[in-house]
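Residue strings, one per chain:
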Amino acid sequence: MEEASQDEAGLLAPRDAAASPGASPALELRNVTFTYRDAPRPALKGISLLVERGESVIVMGEGGAGKSTLCRCANGLIPHFQKGNLTGDILTFGESTRARPVHELARRVGLVFQDFESQLFSTSVELEAAFGPENFGLPRGEIARRIAESLAIAGMTGVERRAPATLSGGEKQRLAIASVLACRPELLVLDEPTTDLDPEGKRQVFEIARWLRNSSTTAPAVVMVEHETEEAAHFPRAVVMREGAIVYDGDVRALLARPEFMESQGIRPLPAAALFARLGETARPIEDADALSQLEILGYRFDRSRWEALAAGDSRRAYGHPLIEVRALSHSYDGIPALDGVDLTICEGEFVALLGQNGSGKTTLVKHFNGLMLPRAGEVRVAGADTRRQSALQLGRQVGYVFQNPDHQIFADTVREEVGFGPRNFGLAPDEVARRVTESLAAVGMEGLEEADPFSLTKGERQRIAVASALASRPKVLILDEPTTGLDYRQNVGMMELLRRLNDSGHTIIIVTHAMWVAAEYAHRAVMLSRGRVLLDAPMREAMARTDELAQAHLVAPQAVRLGAALGGVTLSVSELAACLRQ
Amino acid sequence: MQASVYLDRSTFLHRLDSRAKMAALAAFFVVALAFNHPAYAAGAWAAVLVIAAASRSLTNLWRIRALLFLLFIFAAVLWPFFVKGPTLALRLGPLVASRESLLYGLAVGLRLSAMVAAGMIFMSTTMTEELAHGLRRLGLPYAVSFALAAAVRLVPTFLGSSASVVEAQKSRGLDLESGNILARLRKHVPVLVPVFVTAIRSTDLTAMALESKGFGAHHRRTYYLELRMRPADWLCVALAVLAAGLAVYARLHGYGEVLPRL
């Protein structure tokens, strides 16, 4: 219905050449190998790939697999902008990209990056969308048409005069997509467009991708790099990359039916398919309803007594004294309330997940825990003492804070110096600093890397260095803001297993996260914020059953939780669910 | 944090062509620099306030109040000891200031801060795209005018990332507030390195995003924003030229000075 009405509005003008039989493909790579200048190994190794006009492809794979390099090959940034050694042929619409500069290729190939902040540079939303058409010298009337068209596809009609800086993350990324669509590309490449977004922002970007996929033949071909397995199911074709090579290219459903293979490629397997693999069944359902009916056909029933044993396990967890006590805390930025009467107590040994959309007040709240912000209304006590009466140094030793982006703190030449920064600031003796560095590198599984240059490490390793840096001060509580954002599945699991070990050894852990399955599998308690208020504060198993509150915060329970709940009780992971099923 | 300087309002000044505003700003600088009597400089400040109020950009002047105040104080305190005048007014050990040099310092402080304030009004009422387009029409190559405009746009972004770096390092016990100047400078290394690394990375990405949207594709770029010199714009230019001319003429005839030849 929606497609028809959008098309009637003339949002996508017909293109003569598009999708006509025998036309050259949108993108073709023939045996492409590329090595970045000064890099020891090639980023792409002999890749061949064919994307037809109007086709949609999702590209998946672990960090460092060459996905971004592939994207940059498609619009000529490689080899024109990023230098290196390129062999093989890259053709867009039948023409080699070597022959044309990037800004010429931009007429037909659009590229959207993960980092939306760096892509936006205009004063208003409409001027952002106008930028491409202006560069191509289109007449003013046509530019106005392109602005209206692209903003409509991105769902941004009505905010033409807003400054991009005032938009939410999701809106910024949709604007970045609109500004590329305004050039009317015939091939649209999206490089991890949803990685930095909250669930609501992700949903909106996926909606644009879905619209482009389903709209008429005039829509561009879409190549999208994405980690969200559940979204992948909507694409017809998947490409999996590893170490610069393509290791899978074919039907998405056939890929999702191989959870072990996906896991071995550093991609999160689809929970429903993983469940059936674990049960030893051959069926590989994808949607919830399909999984539930297949389970019924196969004669599985939910073992309530086993589930009750799991739930009883939750309530046996014992916690110590209150460590962080928040009373009637309120805060506002320029008159806009960010926190509105928050009450919260976190005890020693807890593992808490703070959930909620961007702007719900999560970060403002945790910044009060280590004294980066001091309460103006209400009170925050850490280890019994008011934060307003403790110095930043005192608080810093008790509360470790790991920021979302490790690159906002890494500065030293060696890992040893980097991790020892906190303890040195707290005035510890050199031999004690050395002991702390060894101990915390061991805790994050990076012993032996003391002399490595932190800038040369992978994103996952840099994130671990950031955790080690916080641990080195031996804090009572560790706060992590989005600890898994930008990590692939393998790194993600590694990070969370690390936090689980730290929690088991007595550390109190607080994570701020958008990844619902991460929260469900690892944290013991959910605190959900919405518009600066605590919407829900409950043990994880109970919280995941509260669908009304989840919906109110625009959150969706992960598939393993949904399936368990439909069968008889909330299960927090695939292994829990499998344990509760009996044939 | 407010990340842009431009205020989206619809006032007479917002509607003026950016070239007319550039002419007016240049004329204002000439007028401000022409006189070194504090009464005249105060007059220039009064004009700034009237224009700021009329263009509803007083909020932005308020945002840079600290900068304006510091500029004024530095000039007003330091200048009297560097120029000489006939009437002795103050002696602080080896430092001597005259009545004229005190007034001169006052005037320099006022006119410096007034010029910065006028520039702020210009940026509050002119989009960077209008500025770039205007400069292009005045003959600057597009790449140069775009770079100038983009630099203005990048400052708030840069400040934003610096703020998160400072927070991250403070959480690791970095204390930027104590110690002598040298110690403090050294302490800024853990802040400066990540700030520059992320800035370089993000400018690199911005450059790639620009290229990917066809920056420089067509030898005749078009503009969505229309720039047209209307009668009001020509009137503004004429008034600007007249004001600058009159100011120079008046000064040459000895008006508005406490000290000659300065």
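Being a predicted model, the structure only gives us computed values, none of them experimental. (Residues numbered from 1 in each chain as written. Chains lettered and ligands numbered in written order. Predicted model: local features only at pLDDT ≥ 70, side-chain atom pairs only at ≥ 80, totals over all residues.)

(A) View of the overall build of chain A. When its secondary structure is counted, chain A shows 27 helices and 22 strands. For 583 residues, the compact-globule estimate of 2.2 N^0.38 gives 25 Å, and chain A sits close to it at 25 Å. C-alpha atoms of chain A, sized along the principal axes, occupy 70 × 60 × 50 Å. Burial statistics for chain A: of 583 residues in total, 52% are counted as buried. Across chain A, every contact between residues at least 6 apart in sequence was considered, and the portion connecting residues at least 24 apart equals 69%. (Helix = DSSP H or I, 4+ residues; strand = E, 2+ residues; numbered from the N terminus. Rg over C-alpha atoms; globule rule 2.2 N^0.38 Å. Buried ≥ 20, exposed ≤ 12 C-beta atoms within 10 Å, placed from the backbone. Contact = placed C-beta atoms within 7 Å.)

(B) Region of the structure containing the overall build of chain B. When its secondary structure is counted, chain B shows 11 helices and 2 strands. What you see in chain B, going N to C, is helices and strands ordered as α-α-α-α-α-β-β-α-α-α-α-α-α. Counting across all 262 residues of chain B, residues that qualify as buried make up 40%. Counting contacts in chain B only where the partners sit at least 6 residues apart, residues at least 24 apart contribute 77% of the total.

(C) Structural context of helix 26 (residues 559-567) of chain A. Residues and elements named next belong to chain A. The element helix 26 is largely enclosed, with a buried count of 7 among its 9 residues. If you check which residues of helix 26 are buried, you get Gln559, Ala560, Val561, Arg562, Leu563, Gly564 and Leu567. Just beyond helix 26, the residue with positive phi is glycine 568, at close to 155°.

(D) Main features of the interface of chain B and chain A. Each partner contributes to the interface: chain B provides 43 residues, whereas chain A provides 53 residues. In terms of residue class, the side of chain B that touches chain A is made up of 19 nonpolar, 14 polar and 10 charged. (Nonpolar A, V, L, I, M, F, W, Y, C, P; charged D, E, K, R; others polar.)

(E) Expanded view of the sheet that holds strand 4 (residues 84-92) of chain A. All names here are of chain A. Pairing within the open sheet is antiparallel, and its 4 strands lie in the order 2-1-4-5. Bordering the open sheet on either side are strand 2 (44-51) and strand 5 (95-96), each of which pairs with just one other strand. In the packing of helix 2 (residues 67-74) onto the sheet, contacts are made with strand 1 (27-36), strand 2 and strand 4, and the angle to strand 1 comes to roughly 120°. (Pairing = 2+ DSSP bridges. Axes fitted to C-alpha atoms, helices over the stretch in contact; angles between N-to-C directions.)

(F) Region of interest: the sheet that holds strand 9 (residues 237-242) of chain A. All names here are of chain A. Ordered by their spatial adjacency, 6 strands build an open sheet running 6-7-8-3-9-10, and the pairing between neighbours is mixed. The open sheet terminates on both sides in strands that have one partner only, identified here as strand 6 (109-112) and strand 10 (245-251). Across the sheet, the mean angle separating the axes of adjacent strands is 15° when strand polarity is ignored. Strands in contact with helix 2 are strand 3 (56-61), strand 6, strand 7 (187-191), strand 8 (221-225) and strand 9; relative to strand 7, the strand with the most contacts, it is inclined by about 155°.

(G) Local environment of helix 3 (residues 38-54) of chain B. All names here are of chain B. With 17 residues, helix 3 should reach 24 Å at 1.5 Å per residue; the first-to-last C-alpha distance of 24 Å fits that figure. Of the surrounding elements, those touching the buried residues of helix 3 are helix 1 (12-15), helix 2 (18-34), helix 4 (58-63) and helix 6 (99-125). Residue arginine 56 follows helix 3 closely and has a positive phi angle near 50°. (Expected span 1.5 Å × (residues − 1).)

(H) Main features of the environment of arginine 389 of chain A. All names here are of chain A. As for its position among the elements, arginine 389 is in the loop between strand 16 (385-386) and helix 17 (392-398). Overall, arginine 389 belongs to the exposed group, with 8 C-beta atoms counted inside 10 Å. Note: C-alpha distance between arginine 389 and leucine 374 (15 residues apart in sequence) is 9.9 Å.

(I) Representation of the nonpolar core within the structure. Membership of the largest hydrophobic core comes to 183 residues, with the highest contact counts inside it found for Val59, Ala74, Ala178, Leu354, Ile479 and Ala526 of chain A. Counting residues in hydrophobic clusters, the runner-up holds 45 residues, among them Leu71, Ala107, Phe122 and Ala240 of chain B. (Core = buried A, V, L, I, M, F, W, Y, C linked by C-beta atoms within 7 Å.)

(J) Representation of the pairing of strand 6 of chain A within the structure. All names here are of chain A. Of the two faces of strand 6, both are covered, the one formed by Val109 and Leu111 as well as the one formed by Gly110 and Val112. As judged from the 4 bridges shared by strand 6 and strand 7, these two strands associate in the parallel manner. Its bridge partner lying in strand 7, valine 112 is registered against leucine 190.

(K) Region of interest: unusual backbone geometry. All names here are of chain A. Put simply, isoleucine 78 and proline 79 share a cis peptide bond, and its omega is 10°. Looking at the element boundaries, proline 79 is found in helix 3 (residues 77-80). Unusually for a residue other than glycine, alanine 383 sits at a positive phi of about 50°. Looking at the secondary structure, you find alanine 383 in the loop between strand 15 (377-382) and strand 16. With a phi angle near 50°, glutamate 482 is a residue other than glycine that sits in the positive phi range. Note that glutamate 482 resides in the loop between strand 18 (477-481) and helix 22 (489-504).

(L) Seen up close, the environment of leucine 393 of chain A. The topology assignment puts leucine 393 of chain A in helix 17. On the basis of neighbour count, leucine 393 of chain A is assigned to the partly exposed category, with 14 C-beta atoms found within 10 Å. Beyond its immediate chain neighbours, meaning those up to four positions away, leucine 393 of chain A contacts Phe426 of chain A together with Gly173 of chain B.

(M) Region of interest: the confidence of the model for chain B. Per-chain confidence: chain B averages 89 in pLDDT, with 98% of residues scoring 70 or above. Taken together, the chains of this predicted complex give a pTM of 0.87 and an interface ipTM of 0.84. (pLDDT = per-residue confidence, 0-100.)

(N) The arrangement of the pairing of strand 17 (residues 399-402) of chain A in detail. All names here are of chain A. Of the two faces of strand 17, the one carrying Val399 and Tyr401 and the one carrying Gly400 and Val402 are both buried. Where strand 17 and strand 18 come together, 4 bridges link them in parallel fashion. Note that in strand 18 the partner of valine 399 across the bridge is valine 477.

(O) Examining the packing of helix 2 of chain B against helix 7 (residues 128-137) of chain B more closely. Residues and elements named next belong to chain B. Relative to each other, helix 2 and helix 7 sit at 85°, their axes nearing to 8 Å. Between helix 2 and helix 7, the interaxial angle falls into the category roughly perpendicular. Side by side, helix 2 and helix 7 meet where Ser18, Arg19 and Met22 of the first sit next to Glu130, Leu131, His133, Gly134 and Arg137 of the second. Grouping the amino acids of the contact of helix 2 with helix 7 by side-chain chemistry returns 2 nonpolar, 3 polar and 3 charged. (Parallel < 35°, antiparallel > 145°, perpendicular 65-115°, else oblique.)

(P) Representation of the environment of methionine 60 of chain A in the model. Residue and element names in this part refer to chain A. In this structure, methionine 60 sits in strand 3. We classify methionine 60 as buried; it has 29 C-beta atoms within 10 Å. For methionine 60, the contacting residues outside a window of four places in its chain are Glu226, Ala232, Ala238, Val240 and Ile267.

(Q) Quick look at the packing of helix 5 (residues 65-78) of chain B against helix 6 of chain B. Residue and element names in this part refer to chain B. For the pair helix 5 and helix 6, the least separation of the axes is 7 Å and the interaxial angle reads 155°. Considering the angle they form, helix 5 stands roughly antiparallel to helix 6. You can see that helix 5 and helix 6 cross each other, and the crossing is right-handed. Here Leu67, Leu68, Leu71, Phe72, Ile73, Ala75 and Ala76 of helix 5 come into contact with helix 6, specifically with Gly105, Leu106, Val108, Gly109, Leu110, Leu112, Ser113, Val116 and Ala117. The class makeup of the residues in the contact of helix 5 with helix 6 is 13 nonpolar, 3 polar and no charged. (Left-handed = near helix turned anticlockwise from the far one by under 90°.)

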